[in-house]
Amino acid sequence: MSSPLREYPISRIVPFEKDVRLFEFDCSGDPFVFLPGQFIAVPGANGKSAYFAVASTPGKSDRFEILVKNMNPLTEELFGKRVGETLSLQGPLGKGFPLDPYKGMNLLFVGVGTAIAPLRSTLLAALDRREEFNRIELYFGTLTPNHIYFGEEMASWHERGATVHITVTYPDETWDSHSGFVQEILRQCPDPLHETVVYLCGMKEMVEDTIGVLKGRMVPESLILQNI
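All of these numbers come straight from a predicted model, not from anything done at the bench.

1. Re the sheet that holds strand β3 (residues 39–43)
Spatially, six strands are ordered β4-β3-β6-β1-β2-β5 in an open sheet, and the strand pairing comes out antiparallel. The sheet is open, and its two borders are formed by β4 (49–53) and β5 (63–69), each paired with just one other strand. Direction aside, neighbouring strands of the sheet carry axes that sit 40° apart on average. Pairing between β3 and strand β6 (residues 86–93): two bridges, direction antiparallel. Each residue of the ladder has a partner; that of Phe39, found in β6, is Leu93.

2. What to know about the side chain of Arg6
Locating Arg6 in the fold gives a position in strand β1 (residues 5–17). A polar contact of 3.0 Å, which involves the side chain of Arg6, links it to the backbone oxygen of Pro31. In terms of polar contacts, Arg6 uses its side chain to reach the backbone carbonyl oxygen of Gly91, at 3.2 Å. Other than its neighbours up to four places away in sequence, Arg6 contacts Asp30, Pro31, Phe32, Leu87, Ser88, Leu89, Gly91 and Pro92.

3. Concerning the pattern of salt bridges
This structure, assessed with the given rule, holds 13 salt bridges. For Arg12, the salt bridge is made with Glu65, and the minimal N-O distance between the two is 2.9 Å. Here Arg12 is found in strand β1, whereas its partner Glu65 is found in strand β5, with 53 residues between them in sequence. Given a relative accessible area of 1%, Glu65 falls into the buried group. Across the salt bridge formed by Glu132 and Arg129, the nearest N and O atoms sit 2.8 Å from each other. Given a relative accessible area of 23%, Glu132 falls into the partly exposed group. What emerges from the salt-bridge pattern is a single network uniting Arg12, Glu24, Arg63, Glu65, Arg120 and Glu153.

Calculation criteria
- Residues numbered from 1 in each chain as written.
- Predicted model: local features only at pLDDT ≥ 70, side-chain atom pairs only at ≥ 80, totals over all residues.
- Heavy atoms only, no water.
- Pairing = 2+ DSSP bridges.
- Helix = DSSP H or I, 4+ residues; strand = E, 2+ residues; numbered from the N terminus.
- Axes fitted to C-alpha atoms, helices over the stretch in contact; angles between N-to-C directions.
- Polar contact = N/O pair within 3.5 Å; in protein donor to acceptor, adjacent residues only side chain to side chain.
- Contact = heavy atoms within 4.5 Å.
- Salt bridge = Lys/Arg side-chain N within 4 Å of Asp/Glu carboxyl O.
- Buried < 20%, exposed > 50% of the residue type's maximum accessible area, 1.4 Å probe, protein only.

Below is the structure:
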């Protein structure tokens, strides 16, 4: 990878659930300019890198955030870091999620689990320009009610003009909304999808199933965007 290493101090760590944390980095001394949907690479000692989508809005020039699930030795090392320590990374990388070509259209965000990170970045960027777009909707699927990342934020997204649909795979007695896979909820949604661009991110099987649902609802493949 040709991108040079950059080093940023950790300014905040927010635990979401046992194995997921939000890491915020201070980039006031070295502005981290990125597009919504782009990601970073964190090199490991074994020569391999872990990749994390930027979760924050590009509108904040003095900080950026990533959402990390602890699932391998590299993320375990990251989970061992504290506020004030630094992280070496490469980026921003990837083509991101463009907004400019789709002014005046409906924006539909679809994702599951920690894949909400690049969708949040793009959705926040769209809400900063709310008057430029028509309907803005997010369909977010997760395992349980305890796995709803950025749940407290979602009310503010609604107030700013986005409609949020959440579905859980394993509901408990406290859950009184959608349950099941996000692509099935999308299949049953009555909202028309003409003039709609879709920002899609998640596990391979979910992405493939969702593309099938969207095509079945007459969304052109050229309007189904992925950030990889």
